[in-house]
Amino acid sequence: MSKTIAINAGSSSLKWQLYQMPDETVLAKGIVERIGIKDSIFTIKYGDGEKFEKVLDIKDHEVAVQMLLDQLIELDIIASFDELTGVGHRVVAGGEYFSDSTVITDDVLAKIEELSEFAPLHNPANAMGIKAFRRILPNVLSVAVFDTSFHATMPKVNYLYSIPKEYYEKHGARKYGFHGTSHRYVSERAAELLEKPIEETKIITAHIGNGGSVTAVEGGKSVDTSMGFTPLAGVTMGTRSGDIDPSLLPYLMEKEGISSINDMIDILNKKSGVLGLTGLSSDMRDIENGAADGNEDAILALEIYADRIRKYIAQYVAVMNGVDAIVFTAGVGENGDIIRKMVLEQMTWFGIDLDAAVNEKIHGKEAEISTPDSKVKVYVIPTDEELMIARDVERLSK
């Protein structure tokens, strides 16, 4: 038996799960929030519903990691650091360097940092987590699991942009896609529910949370996905615009007196999406409450949000020339029965028949929400990216 920690490091957070492998038992899980900010929140859930929580100031990721490891011993979850055999790190952008998960070396870490320009909100934070664990556990296997690697199977017809080819050849300007670990997990689980070999399936997966992406998975491989060169492209999201006409950027910059393209991109990343459409919130629950109260901006934001998801699902039916199942996952996908209904109610022509009563009841648990007569199965499948990370660590430890 081995013990593996799956890590998802953000700029001010550290989310983790500790697994006993290969039986995939979750021994403990938790999160450190507000790292580098006053009143950091340190939480561990373990045992039979037990919980440890502490509020204190944690100055950086290395302090957070040290506290986490020390507390695992203090709570008798592990006897010593020697029990830990692997650490798996989620990394958002792997570019064309990494088409699979990989053991982290100095060279790999340097490339992850180099790729920060592809995911400036994520890769630097992912690298901070890697460095912290490597300093404290230098002899433990470290593995990087990339959001982009699942999409490395996309054909050129789907990942190349219609721009001068030299921009791709010289600068890597192409679609990369993201949320790959989640899309991989739920598509594999959907194939199990379909009781078909995944090589014989056509599945569309919708990872819809504060960020969102839709992926066409044919034969277990990503063939197209909605996010692009960065996680800004695709569907409307919590604070991200999704697809827009690029010519709109210089127009708005001139009209609004925005002098830097970086400032404009920051607006598209952090002040757009349903937040920008409503001025209310980036949280879909707040938007739904606003819509229920008759707020016209909230009602329209819901319609736009659902419309963009629906359009991507429809085009991916064409990309694969069919679909066996549609999967909703992540925060909104798993809990947003209103959004699921809005997305699917105008897709009956495709043979999708939603069981409205079942859909309304499903929040955060696995279920089929299509009727028995539906030609296309529709599932809600809670994602488990941490488990996929742990599995890749186990695979690469052999």
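- Under an unreviewed UniProt entry, the name given to the protein chain is Acetate kinase, and the source organism is Candidatus Enterococcus moelleringii.
- Quoted straight from UniProt, the Subunit (unreviewed entry) entry for the protein chain says "Homodimer."
- According to its UniProt record, the protein chain has this under Subcellular location (unreviewed entry): "Cytoplasm".

**Thoughts on the sheet that holds strand β9 (residues 202-208)**
Argument step 1. Read from one edge of the open sheet, six strands run β11-β10-β9-β12-β14-β13, paired in mixed fashion. Two strands lie at the open edges of the sheet, namely β11 (221-225) and β13 (367-368), each paired on one side alone.
Argument step 2. Two elements, β9 and strand β10 (residues 212-218), share seven bridges in a ladder whose sense is antiparallel. In the strand pairing of β10, Ile 208 is matched with Gly 212.
Argument step 3. Where helix α11 (residues 296-320) meets the sheet, its contacts fall on β9, β10, β11 and β12 (325-329), and the angle it forms with β10 comes to roughly 15°.

**Overview of helix α2 (residues 106-114)**
Argument step 1. Of the positions making up α2, those classed as buried are Val 108, Leu 109 and Ile 112. Each buried residue of α2 lies within a common arc of 100° when the element is viewed along its axis, so the set occupies one face.
Argument step 2. In this structure, the buried side of α2 is in contact with β6 (84-91), β7 (102-103), α3 (123-136) and β8 (141-146).

**So, the pattern of salt bridges**
Argument step 1. Applying the stated criterion to the full structure yields 25 salt bridges.
Argument step 2. Salt-bridge contacts for Lys 175 lead to Asp 224; the nearest nitrogen and oxygen are separated by 2.8 Å. In this pair, Lys 175 is assigned in the loop between α5 (165-171) and α6 (180-194) and Asp 224 in strand β11, connecting sequence segments 49 residues apart.
Argument step 3. Judged by relative accessible area, which is 6%, Asp 224 ranks as buried.
Argument step 4. Note that Arg 395 and Asp 392 form a salt bridge whose closest N and O atoms lie 3.4 Å from each other. Residue Arg 395 and its partner Asp 392 are both found in helix α15 (residues 385-396); the two are separated by three residues, about one turn of the helix.
Argument step 5. Accessibility expressed as a relative area gives 39% for Arg 395, which makes it partly exposed.
Argument step 6. For Asp 392, a relative accessible area of 4% corresponds to the buried category.
Argument step 7. Sharing partners across several salt bridges, the network here consists of Asp 100, Arg 184, Asp 392 and Arg 395.

**Section: the nonpolar core**
Argument step 1. Judged by nonpolar contacts, the single largest core of 58 residues is most densely connected at Ile 204, Val 214, Ile 309, Ile 326 and Leu 344.
Argument step 2. Here this core takes 11 residues from α11, the largest share from any one element.
Argument step 3. Non-local contacts of Ile 309, meaning those with residues more than four positions away in its chain, are made with Ile 208, Val 214, Val 235, Ile 339 and Val 343.
Argument step 4. The next biggest cluster of nonpolar side chains, apart from the first, holds 29 residues, and it includes Val 32, Ile 35, Ile 44 and Ala 64.

**Regarding the UniProt feature "binding site: substrate" (unreviewed entry) in the protein chain**
Argument step 1. UniProt marks Arg 90 with the feature "binding site: substrate" (unreviewed entry), using the numbering shown here.
Argument step 2. Within the secondary structure, Arg 90 is located in strand β6.
Argument step 3. The buried category is assigned to Arg 90, whose relative accessible area is 15%.
Argument step 4. Every residue in contact with Arg 90, bar those within four places of it in the chain, is listed here: Ile 7, Asn 8, Asn 126, Val 145, Asp 147, His 179, Glu 385 and Ile 389.
Argument step 5. Polar contacts involving the side chain of Arg 90 include one to the side chain of Asn 8, which spans 3.4 Å.

**A few points about the sheet that holds β6**
Argument step 1. Read from one edge to the other, the open sheet built from eight strands follows the order β5-β4-β3-β2-β1-β6-β8-β7, with strand pairing classed as mixed. The two strands at the open ends of the sheet, each matched to only one other strand, are β5 (50-56) and β7.
Argument step 2. α3 rests against β1 (2-9), β2 (14-21), β6 and β8 of the sheet, and its axis sits at about 165° to β6.
Argument step 3. Of the strands in this sheet, β1, β2, β6, β7 and β8 touch α15, which is tilted by about 50° from β2.

**Looking at unusual backbone geometry**
Argument step 1. Of the consecutive residues Met 21 and Pro 22, the connecting peptide bond is found in the cis state with omega at 10°.
Argument step 2. Inspection of the secondary structure assignment puts Pro 22 in the loop between β2 and β3 (25-33).
Argument step 3. Even without a glycine there, the phi angle at Asp 39 is positive, about 60°.
Argument step 4. Although it is not a glycine, Glu 195 sits at a positive phi angle of roughly 60°.
Argument step 5. Checked against the element boundaries, Glu 195 lands in the loop between α6 and β9.
Argument step 6. When its relative accessible area of 73% is taken as the criterion, Glu 195 is described as exposed.

Calculation notes
Residues numbered from 1 in each chain as written. Predicted model: local features only at pLDDT ≥ 70, side-chain atom pairs only at ≥ 80, totals over all residues. Heavy atoms only, no water. UniProt positions renumbered as here; feature names shortened; annotations may be inferred. Pairing = 2+ DSSP bridges. Helix = DSSP H or I, 4+ residues; strand = E, 2+ residues; numbered from the N terminus. Contact = heavy atoms within 4.5 Å. Axes fitted to C-alpha atoms, helices over the stretch in contact; angles between N-to-C directions. Buried < 20%, exposed > 50% of the residue type's maximum accessible area, 1.4 Å probe, protein only. Arc of directions from axis to C-beta. Salt bridge = Lys/Arg side-chain N within 4 Å of Asp/Glu carboxyl O. Core = buried A, V, L, I, M, F, W, Y, C linked by side-chain atoms within 4.5 Å. Polar contact = N/O pair within 3.5 Å; in protein donor to acceptor, adjacent residues only side chain to side chain.

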